[in-house]
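The chain contents come next:
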Amino acid sequence: MLSKREVVYVKDEGNRKIVGIKDIGTPLEGMSQEQFDRLSTTEYVITDDSWYIDVIGKTGNMMKEMMEAAGEMEEAELFKNIDIRVDAGESRNPVFPNVMSPGESCEFDPVKIKVKIAFFSVTCEIRYEMYECIGTESLTVPAGTFETYIVEQQVFVKQKSLLGGDKQREYERTWYAPGIGEVKTQSLDKNGIMVEETVLNVITRGVEHRQ
């Protein structure tokens, strides 16, 4: 199955840039295209030496969008104007370095998020069990040839609500090029076998994106 992602905006905020990357697709039944676009867009915050994704904010926004979409469906009055609160306590978004050397690794505190939705709550814990640079490679993809460093990561995700719970480990191997970002990413199963791959297809330079 082939899917596509693209940069939809870049905001320059002086000492940092906000880059929005959207998954291109068709909304589910009962969801507007505008809601789908917001849900499928991930914001990257990039500085001179680091980058991060607002995991905490995205989790809360995703829950709100899902409730709003459900509220617009027939016979779903229960979900309209529902109160949603996100509590992350002292959790902070993991901040990743822009450049790593072979053998270098990072450690992050777990991210714990509790989303209270009126009559029930959902808790989510994200724990990075490994984030390590395993080597470098000159890599050729459709967008060109790049000098990259390779990072392997293992993330444990646990969710719990009144309806039950779920636990899973996610494995990824990513090729990063300094000044470019992700050139190739592979999602792996627990045996290290690739199950999904994303590659950089094209870079458009000199085009200003606005939200």
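Enquirer: I'm lost on the overall build of the protein in this one. Help?
Expert: Across its full length, the protein carries two helices and 12 strands. For the protein, the N- to C-terminal ordering of α and β elements is β-β-α-β-β-α-β-β-β-β-β-β-β-β. A burial count over the protein gives 35% of its 211 residues as buried. Sequence-distant contacts in the protein: of pairs separated by 6 or more residues, those separated by 24 or more amount to 49%. On the protein, roughly 13,800 Å² of surface is accessible, and the fraction owed to carbon and sulfur atoms is 48%.

Enquirer: Is there a simple way to think about the environment of isoleucine 56 in this case?
Expert: The residue isoleucine 56 is located in helix 2 (residues 55-71) in this model. The sequence separation of isoleucine 56 and asparagine 93 amounts to 37 residues, and the corresponding C-alpha distance is 6.9 Å. When residues no more than four places from it in sequence are discounted, the contact partners of isoleucine 56 are Val86, Ala88, Ser91, Arg92, Asn93, Val111 and Ile113.

Enquirer: Looking at this structure, I do not really get the confidence of the model for the protein. What am I missing?
Expert: Interpretation of this model should avoid reading the predicted coordinates in detail wherever pLDDT is low. For the protein, mean pLDDT is 85; residues scoring 70 or higher make up 86% of the total. Low pLDDT, under 50, characterises residues 207-211; the predicted model gives this stretch eight contacts beyond four residues in sequence or across chains.

Enquirer: When you look at the sheet that holds strand 7 (residues 111-117) in this model, what are you seeing that I'm missing?
Expert: By way of backbone hydrogen bonds, the strands of a sheet pair with one another, either parallel or antiparallel. Strand order in this open sheet of seven strands is 5-7-8-9-10-11-12, and the pairing throughout is antiparallel. Of all strands in the sheet, those with a lone pairing partner are strand 5 (84-87) and strand 12 (194-199), marking the two edges. The mean inter-strand angle of the sheet, taken between neighbouring strand axes irrespective of direction, is 25°. Of the pairings in the sheet, the one linking strand 8 (residues 120-141) to strand 9 (residues 144-161) comprises 18 bridges and is antiparallel in character. Along strand 9, the bridge assignment pairs methionine 130 with glutamine 154.

Enquirer: In this structure, what is going on with the environment of glycine 192? I would like to understand it.
Expert: Take glycine 192: it is sitting in the loop between strand 11 (181-188) and strand 12. Accessibility expressed as a relative area gives 38% for glycine 192, which makes it partly exposed. Between the alpha carbons of glycine 192 and glutamate 172 there is a distance of 9.0 Å; along the sequence they are 20 residues apart.

Enquirer: Honestly, the side chain of serine 40 in this entry has me stumped. Any pointers?
Expert: With respect to the helices and strands, the residue serine 40 is situated in the loop between helix 1 (33-39) and strand 3 (41-46). On the accessibility criterion, serine 40 (9% relative accessible area) is buried. Among the polar contacts made by the side chain of serine 40, one reaches the main-chain carbonyl oxygen of aspartate 37 at a distance of 3.4 Å. Look past the residues within four positions of serine 40 in its chain and what remains in contact with it is Ile21, Lys22 and Asp23.

Enquirer: Whenever I open this one, the pairing of strand 10 (residues 164-177) confuses me. Can you help?
Expert: Consecutive residues of a regular strand have side chains that alternate between opposite faces of the sheet. Pairing of strand 9 with strand 10, which is carried by 13 bridges, proceeds in the antiparallel orientation. Along strand 10, the bridge assignment pairs isoleucine 150 with tryptophan 175. Linking strand 9 to strand 10, which pair antiparallel, is a turn of two residues. In this structure, strand 10 lies alongside strand 11, joined through seven bridges in antiparallel fashion. By the bridge assignment, glutamate 172 is partnered in strand 11 with serine 187. The turn linking strand 10 back onto strand 11 is made up of three residues, and glycine 179 within it adopts a positive phi angle of 85°.

Parameters at a glance
Residues numbered from 1 in each chain as written. Predicted model: local features only at pLDDT ≥ 70, side-chain atom pairs only at ≥ 80, totals over all residues. Heavy atoms only, no water. Helix = DSSP H or I, 4+ residues; strand = E, 2+ residues; numbered from the N terminus. Buried < 20%, exposed > 50% of the residue type's maximum accessible area, 1.4 Å probe, protein only. Contact = heavy atoms within 4.5 Å. Areas by Shrake-Rupley, 256 points an atom, 1.4 Å probe, with all protein chains shown as cover. pLDDT = per-residue confidence, 0-100. Pairing = 2+ DSSP bridges. Axes fitted to C-alpha atoms, helices over the stretch in contact; angles between N-to-C directions. Polar contact = N/O pair within 3.5 Å; in protein donor to acceptor, adjacent residues only side chain to side chain.

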